[in-house]
Amino acid sequence: MLKLLGAILIIGSSGALGLAAQQGLRARIAAIDGFLKALERIESEIVYRLTPCGELIALLAREGGPHAAPVFQDITERLARNDGLSLAYKWGRAFRETGPACGLQSEEISILCDAASFLGRYYSEQQQRSLRLTAARLSSVRDEAAEDLKNKGSLYRTCGLTLGVLAVIVLL
């Protein structure tokens, strides 16, 4: 009876590891979608309302959604410090430190960090073009992540269960 219980636990835990890997791929896509929406919001606020960057970041910290809001909250807190560091630096630090917890990987973080180099520095039309380029790059990464989920998602789940069964066979 204990062997059976142990076998079930091993198979279940290894299956859960496979499902967790699959869920990680889903979380990455959801995070990218959240930041694509944030980029759209930034673009519309800059082009149509001419919202200053500080107010815009605070707005996204409140209304940015579950994936984007923590990063923008971090940027807001960094901006409140008035330590003489630039927006681009604070933006980049916030994304590098908070981004992984929100489901972003290094490729998305790098793309989003590049967005800080033009925010608040140029006319709204130039910022709009740059934001659209950033959104296009991020959409491309999102498409690759969706393809990874399609190709590797069930593979991770199946491998987890298979490794659990293999471990049980070896142990018995």
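Attention here is on the structure that accompanies the text. (Residues numbered from 1 in each chain as written. Predicted model: local features only at pLDDT ≥ 70, side-chain atom pairs only at ≥ 80, totals over all residues. Heavy atoms only, no water.)

### Some remarks on the packing of helix α3 (residues 65–80) against helix α4 (residues 87–98)
The description of two packed helices rests on the angle between their axes and on the distance between the axes. With their axes 9 Å apart at the nearest point, α3 and α4 run at an angle of 140 degrees to one another. What the angle tells us is that α3 and α4 run oblique. Considering how the two elements wind past one another, α3 and α4 form a crossing that is right-handed. Here Pro 70, Val 71, Phe 72, Asp 74, Ile 75, Arg 78 and Leu 79 of α3 come into contact with α4, specifically with Leu 87, Lys 90, Trp 91, Arg 93, Ala 94, Phe 95, Glu 97 and Thr 98. For the contact of α3 with α4, a count of residues per class yields nine nonpolar, one polar and five charged. (Axes fitted to C-alpha atoms, helices over the stretch in contact; angles between N-to-C directions. Helix = DSSP H or I, 4+ residues; strand = E, 2+ residues; numbered from the N terminus. Parallel < 35°, antiparallel > 145°, perpendicular 65-115°, else oblique. Left-handed = near helix turned anticlockwise from the far one by under 90°. Contact = heavy atoms within 4.5 Å. Nonpolar A, V, L, I, M, F, W, Y, C, P; charged D, E, K, R; others polar.)

### Structural notes on helix α1 (residues 2–49)
Between its first and last C-alpha atoms α1 spans 67 Å; for 48 residues at 1.5 Å apiece the expected length is 70 Å, and the two agree. Of the residues flanking the end of α1, it is Leu 50, one or two places downstream, whose phi is positive at about 55 degrees. (Expected span 1.5 Å × (residues − 1).)

### With respect to a nonpolar patch on the surface
A surface patch of nonpolar side chains, amounting to about 390 Å² of accessible area, comprises Met 1, Leu 4 and Ile 8. Residue Met 1 is classed as exposed on the basis of its relative accessible area, which comes to 82%. (Patch = residues over 30% accessible without salt bridge, like charges linked within 9 Å, V, L, I, M, F, W, Y side chains within 5 Å. Areas by Shrake-Rupley, 256 points an atom, 1.4 Å probe, with all protein chains shown as cover. Salt bridge = Lys/Arg side-chain N within 4 Å of Asp/Glu carboxyl O. Buried < 20%, exposed > 50% of the residue type's maximum accessible area, 1.4 Å probe, protein only.)

### Side note on the nonpolar core
Counting 38 residues, the largest nonpolar core has Phe 35, Ile 42, Phe 72, Ile 75, Trp 91, Phe 95 and Leu 119 as the members making the most contacts within it. Residue assignment for this core shows that the elements contributing at least two residues are α1, α2 (53–63), α3, α4, α5 (106–114) and α6 (124–171). Of the residues forming this core, the biggest block, 10 residues, is contributed by α1. Contacts of Trp 91, omitting those with residues within four sequence positions, involve Ile 42, Ile 57, Phe 72, Ile 75, Leu 112, Cys 113, Ala 115, Ala 116 and Leu 119. (Core = buried A, V, L, I, M, F, W, Y, C linked by side-chain atoms within 4.5 Å.)

### Details of the packing of α4 against α5
Close contact between α4 and α5 brings their axes to 9 Å; oriented N to C, the two are set at 165 degrees. With respect to each other, α4 and α5 are oriented roughly antiparallel. The hand of the α4/α5 crossing is right-handed. Two secondary-structure elements touch here, α4 through Trp 91, Gly 92, Phe 95 and Arg 96 and α5 through Ile 109, Leu 112 and Cys 113. Split into classes, the residues belonging to the contact of α4 with α5 amount to five nonpolar, one polar and one charged.

### Looking at the pattern of salt bridges
Overall, the coordinates contain 12 salt bridges when judged by the stated rule. Put simply, Glu 107 and Arg 28 hold a salt bridge, and the shortest N to O gap is 3.9 Å. Placement of the pair is Glu 107 in helix α5 and Arg 28 in helix α1, with a sequence separation of 79 residues. Arg 28 gets classed as buried once you look at its relative accessible area, which sits at 8%. Its salt-bridge partner being Glu 97, residue Arg 93 comes within 2.6 Å of it at the nearest N-O pair. Residue Arg 93 and its partner Glu 97 are both found in helix α4; the two are separated by four residues, about one turn of the helix.

### Some details on the environment of Glu 144
Along the chain, the position of Glu 144 falls in helix α6. With 115 residues separating them in the primary sequence, Glu 144 and Ile 29 have C-alpha atoms 9.5 Å apart.

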